[in-house]
Amino acid sequence: MRTRLRAFQTMRGTPADPDFIADLEFLENRDLDLSVRLGALLAFNALMATIGTHPVSASPGAPLSLDAASQPVEVIVSLIGIVPFVISSAACLWALLVGEEIDPGELDTAEALRQRLFSAFIASIDVQERALRRAVFASFIGGLMTIAIWAWILVEKIP
């Protein structure tokens, strides 16, 4: 943090041009947008993981209920179906924790520090965007697995 503070103090001493400030504001909005999406996907994953455990935790006799003693394979497959949601949640959390690390170099100018800050910000947004894509893909796979498992359970229960 000290390195970033010193870099910020150096940059503050020389006013930035309006174009740089506009670019930085654009990136800040993109970063906020990604954070909101990551948070929403994290909440969605929590809901889907809860739904995915429903066959295991449902009351006996419920249409989607499973009995671990007589249906161990279905229970195991049902719990495996939750794994993509856990992977997706881990990707979301990792992306939310990505920071903008900069290397101030030695006695850099304010303009060079601005460019390094700008580059670090872009790099962190790229990492967050890739993690969000992976998390969405994992959630999609988890959703498909959950639907397939539910269909399997219902097909077995329908006489």
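Residues numbered from 1 in each chain as written. Predicted model: local features only at pLDDT ≥ 70, side-chain atom pairs only at ≥ 80, totals over all residues. Heavy atoms only, no water.

Engineer: I would appreciate a short explanation of empty space enclosed by the protein in the present structure.
Structural biologist: Any space left empty among the atoms is revealed by the rolling of a water-sized probe across them. Following the criterion strictly, the structure yields one cavity of 30 Å³ or more and no others. Taken as a whole, the largest cavity encloses approximately 30 Å³ of empty space. Considering the residues around the largest cavity, the lining is formed by Gly52, Ser78, Gly81, Ile82, Thr146, Ile149 and Trp150. If one sorts the elements of the lining of the largest cavity by residue count, helix α6 (residues 110-157) sits on top with three residues. (1 Å grid on protein atoms, 1.4 Å probe; cavity = no way out; pocket = protein on both sides within 12 Å on 5 of 7 lines; lining within 4 Å. Points joined across faces, edges and corners; volume = space filled by probe spheres on them. Helix = DSSP H or I, 4+ residues; strand = E, 2+ residues; numbered from the N terminus.)

Engineer: Quick question: what am I supposed to make of the environment of Thr50 here?
Structural biologist: Along the chain, Thr50 falls in helix α2 (residues 18-52). When its relative accessible area of 53% is taken as the criterion, Thr50 is described as exposed. Between the alpha carbons of Thr50 and Ile82 there is a distance of 8.7 Å; along the sequence they are 32 residues apart. (Buried < 20%, exposed > 50% of the residue type's maximum accessible area, 1.4 Å probe, protein only.)

Engineer: Honestly, the pattern of salt bridges in this entry has me stumped. Any pointers?
Structural biologist: When charged atoms on two side chains of opposite charge get close, those side chains can pair. Applying the stated criterion across every chain, the model contains four salt bridges. Its salt-bridge partner being Arg30, residue Glu129 comes within 2.5 Å of it at the nearest N-O pair. Remark: Arg30 occurs in helix α2 and Glu129 occurs in helix α6; sequence separation between them is 99 residues. With a relative accessible area of 22%, Glu129 lands in the partly exposed category. Glu129 is paired through a salt bridge with Arg133; the nearest N and O atoms lie 3.9 Å apart. Taken together, the residues span about one helical turn, with Glu129 and Arg133 both in helix α6 at a distance of four residues. (Salt bridge = Lys/Arg side-chain N within 4 Å of Asp/Glu carboxyl O.)

Engineer: Would you take a moment to explain the confidence of the model for the protein chain for this structure?
Structural biologist: Note: predicted coordinates in regions of low pLDDT should not be interpreted at a detailed level. This prediction gives the protein chain a mean pLDDT of 86; 87% of its residues lie at or above 70. Put simply, helix α1 (residues 2-13) is where the protein chain has its lowest mean pLDDT, 66, and helix α5 (residues 83-96) is where it has its highest, 95. (pLDDT = per-residue confidence, 0-100.)

Engineer: Sorry, what's going on with the side chain of Ser65 here?
Structural biologist: With respect to the helices and strands, Ser65 occurs in the loop between α3 (54-57) and α4 (72-80). Take Ser65: its relative accessible area is 5%, and that puts it in the buried class. At a separation of 2.9 Å, a polar atom in the side chain of Ser65 contacts the main-chain carbonyl oxygen of Ala62. In this view, Ser65 contacts Pro55, Ala58, Ser59, Pro60, Gln71, Ile153 and Lys157; residues no more than four positions away in its chain are not counted. (Polar contact = N/O pair within 3.5 Å; in protein donor to acceptor, adjacent residues only side chain to side chain. Contact = heavy atoms within 4.5 Å.)

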